Each structure stands twice: as C-alpha cells, then as structure tokens.
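Here is what each chain is made of, one letter per residue.
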Amino acid sequence: MAAPLERSWTEAEAFAYCSALTKSHYENFPVGSILMPKALQPAVHSLYAFMRTADDFSDEDRKAGDEAERMAWLNSWEAMLLDPQPKHPIFIALQATLKQHPLPVEWLTDLLHAFKMDVTVRRYETWDNLLDYCRYSANPVGRLILTLSGYRDEALYRLSDSICTALQLANHWQDVSVDLKKDRIYLPQDSWRRFGVQEADLLKKQMTPAIKQLLTFEVARARELFMQGRVLPERVTGRLRFELRFTWRGGVRILDKIESADYDVFTRRPVVTKTDWFGIAIRSLF
C-alpha cells in the first residue's frame, strides 16, 4: 500500500491510511478492530502500520530486495521514526499516538532492532540468545498494548513479557519447516547438541527420535513461560482481560497441537482451527 510523499497529509488522513492498512491485514490483527476499545483503535492501527511495513522490509519472501537493500529500508524507517517533522502518513499518525499516550519510543526501536536481526541472523547459538531476540521482537508489543490500555506497572510488564516470549516461541516451533525454507533455524544450537541433533538432520525435514526429544524440550520451555504469565489477564479489567485470556489460550493451543502431532512439525504444520478458536473464545469469555 504505497504512500505518496509528494503530497501533504493531515493527521486525520494519516490515521485513516493506517486504519486502511490494518484492516487489509485484518485476519492477522483482530486486536485493532474488534477487541480494542474504539477510542484506542486509531493508536493501535498506527502502531500496527509501523510494524507491518517494517516486517515487510525484513521478510525475504515479500521480495523486499537483497539483504543490503532490506537493511537500508529498515534504517530509513528508523530515521523517519526519529524525525520530529515526519512526512510519511504512518509516522504522522505514530507521532500523534506517542504524544497522546505517551509511549516509550525505545519499544519501537527495539522492534526495528528485531527486524534487522531477521535480515542478518539465521541461527541462534544459545537459549539466552533466542530469549534476547524475543525481548526485541515480541515483548515490546505486549508492553505497548498494556500501556495504551492505561497500565504502567513493571510487574504487569514482566508477566506480559513471559506471555509474549512464549507466543513467539510457539510460533517458531509451529513453523520449523517453514523457517527452514528461509534458511532460518530458531531452535537453539546448544539444544541441538544436548540431544545429538545435527543441522543436516533438521534440513532433511524428517522426524527422528532425537528431533522429537529436542522439540519436546523446547515446547515444554515455552509452556513454562506461558504458565509464568498466566495470571496477567486476571490483573486487568474490561475487554483487555478477554483479549489476554484469548491470546494466552491461543498460544497454549499451538503447543497442544504440536504435542498432538507427536511433535512432527514436518509432515504437516500444526494449526489452530476455526473450531479451536471458537472454543478458545467461549472459554475466554467465561
């Protein structure tokens, strides 16, 4: 969705641009349309538009160019984020959001740091390296949503970090086969060695007892993080409580699906079905 920069944008037009971009990706971002209070939706849409476009720059599947070109786009995106007089509609809207709520710009630069890692980092040596990536790629999103909703509490932020990191890991374990096609392996190399798995074993995309042990171990670690953040929904009120319950249960369900497939993420990608989501919604409401 191109934004012509040769014209000027009013703040209202900029927010409308971000909302249109968000709604065009509705299936991936329901929080900005239904579950968030209407008054917060423009702010959430501006944040999503910023993240969605940066993600497009970093993802080789979207033909954003070679590594150097993708990094150049991300660097220009960061420069626009820090520009006090932005011309791009996303940053006009984002600047208004940051002033109104106010949100730490560092959380947005953290996200950009993660997108840059997506361009350059293909393997993670240790569990701590992977958690560091999640600190940049996932945790800022939860903190932004909490803060937008009026919660500024370090204890709540830490609970949110556990859930967001767990969600990121669940998505990685769900997408092991998908990521291999992009020459990305998020399973930590120190875990490979622990269970006697070689990179060549993973590249074959065939389940072995050692790979099953590896995935069993990593799914359990993700589940532990979900449990660490379990109480967060009950510490907030209103629609946010339902949204966080829904998010937590959805992430845990991904891990359940992996377990139900006997950890075989190669034959078929474990997915949460529409029926699953309906049940999750009902349980989250009551």
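Everything discussed here concerns the structure shown above.
All values derive from a computational prediction rather than experimental measurement.

Draft legend 1. Main features of the pattern of salt bridges. Taken as a whole, this structure holds 19 salt bridges when the rule is applied. A salt bridge links E78 to K116; the shortest N-O distance between them is 2.6 Å. With E78 in helix α3 (residues 67–82) and K116 in helix α5 (residues 105–120), the pair connects residues that are 38 residues apart, well separated along the chain. K116 sits in the buried class, given a relative accessible area of 16%. Residues R223 and E259 are paired through a salt bridge, measuring 3.2 Å at the closest nitrogen-oxygen approach. Of this pair, R223 sits in helix α12 (residues 209–228) while E259 sits in helix α13 (residues 238–260), and the two are 36 residues apart along the sequence. Its relative accessible area of 34% is what places E259 among the partly exposed residues. Among the charged side chains, a network of salt bridges with common partners joins R223, R253, D256, K257, E259 and D276.

Draft legend 2. Looking closely at the environment of T165. With respect to the secondary-structure elements, T165 resides in helix α8 (residues 154–174). Residue classification places T165 among the buried residues on the basis of a relative accessible area of 6%. Sequence spacing of T165 and Y136 is 29 residues, and the spatial spacing of their C-alpha atoms is 9.7 Å. Apart from the residues lying within four places of it in its own chain, the contact partners of T165 are L131, C134, A138, N139 and L225.

Draft legend 3. A look at the state of the cysteines. Using the criterion set out here, one finds zero disulfides in the structure. Sulfur of C134: no disulfide; nearest cysteine sulfur belongs to C164 and is 9.9 Å away. Relative accessible area serves as the criterion here: at 0%, C134 is assigned to the buried category.

Draft legend 4. Molecular detail of the nonpolar core. If you look at the biggest cluster of nonpolar residues, it comprises 91 residues, and the most contacted ones within it are F50, I90, L108, W173, L187, L202 and F226. The residues contacting F226, other than those within four sequence positions of it, are I163, A166, L167, A170, W248, G251, V252 and L255.

Draft legend 5. Spatial organisation of a nonpolar patch on the surface. A contiguous nonpolar surface patch, about 500 Å² in accessible area, is contributed by F278, I282, L285 and F286. Structurally, F278 is set in helix α14 (residues 274–285).

Draft legend 6. Focus on helix α2 (residues 41–58). The end-to-end C-alpha distance of α2, which contains 18 residues, comes to 25 Å, matching closely the 26 Å that a straight helix rising 1.5 Å per residue would cover. Counting buried positions along α2 yields 15 of 18 residues, so the element is predominantly enclosed.

Draft legend 7. Just the packing of α3 against helix α4 (residues 89–100), in detail. It is the contact of α3 with α4, at a shortest axis distance of 9 Å, that shows an interaxial angle of 40°. With respect to α4, the axis of α3 lies oblique. For the pair α3 and α4, the crossing hand works out as right-handed. Residues W77, M80 and L81 of α3 lie in contact with α4, whose contacting residues are I90, F91 and L94. Looking at the contact of α3 with α4 residue by residue, the classes come out as six nonpolar, no polar and no charged.

Draft legend 8. Region of the structure containing the environment of D153. Inspection of the secondary structure assignment puts D153 in the loop between α7 (139–148) and α8. For D153, a relative accessible area of 34% gives the class partly exposed. When the C-alpha positions of D153 and Q189 are compared, they lie 35 Å apart, and in sequence the two are 36 residues distant.

Draft legend 9. Up close: the side chain of S46. With respect to the secondary-structure elements, S46 resides in helix α2. Residue classification places S46 among the buried residues on the basis of a relative accessible area of 0%. Separated by 2.7 Å, the side chain of S46 and the backbone oxygen of A43 make a polar contact. Each residue touching S46, except ones within four places of it in the same chain, is listed here: F15, C18, I90, A93, L94 and T97.

About the criteria used
- The written sequence of each chain sets the order in which its residues are numbered from 1.
- Two thresholds apply to this predicted model, a pLDDT of at least 70 for residue-level local features and 80 or more for giving and counting side-chain atom pairs, whereas whole-chain, interface and lining totals are computed over all residues.
- Calculated side-chain values reflect all of the structure's heavy atoms, with hydrogen atoms and water omitted.
- Here a salt bridge means any side-chain nitrogen of Lys or Arg lying within 4 Å of a carboxyl oxygen belonging to Asp or Glu.
- Here a strand is any run of E in DSSP of at least two residues, a helix any run of H or I of at least four, and the numbering for each starts at the N terminus.
- Buried means the residue's accessible area, taken with a 1.4 Å probe over protein chains only, is under 20% of the maximum for its type, while exposed means over 50%, and partly exposed covers the values in between.
- By the convention used here, residues are in contact when the closest approach between their heavy atoms is within 4.5 Å.
- Our working definition of a disulfide is a cysteine sulfur pair at a distance within 2.5 Å.
- As used here, the term nonpolar core means buried Ala, Val, Leu, Ile, Met, Phe, Trp, Tyr and Cys residues forming a set that is joined through side-chain atoms within 4.5 Å.
- Each patch is assembled from residues with relative accessible area greater than 30% and no salt bridge, linking like charges that lie within 9 Å and nonpolar side chains (Val, Leu, Ile, Met, Phe, Trp, Tyr) that lie within 5 Å.
- To be clear on the numbers: accessible area is Shrake-Rupley with a 1.4 Å probe, and residue cover counts the displayed protein chains and nothing else.
- Each helix should span, by expectation, one fewer than its residue count multiplied by 1.5 Å.
- Axes here mean lines fitted to C-alpha atoms, for a helix over just the part in contact, with angles spanning 0 to 180 degrees between N-to-C directions.
- An angle below 35 degrees is read as roughly parallel, one above 145 as roughly antiparallel, one from 65 to 115 as roughly perpendicular, and any other as oblique.
- Handedness of a helix crossing follows the sense of rotation of the near helix relative to the far helix, less than a right angle counterclockwise being left-handed and clockwise being right-handed.
- When residues are grouped by polarity, Ala, Val, Leu, Ile, Met, Phe, Trp, Tyr, Cys and Pro land in nonpolar, Asp, Glu, Lys and Arg in charged, and all others, Gly among them, in polar.
- N or O atoms within 3.5 Å of each other form a polar contact, as long as, within protein, one can give a hydrogen and the other can take it, and as long as residues adjacent in sequence are counted only when both atoms are side-chain atoms.

Keep in mind that these numbers describe shape and distance, not what the molecule does.
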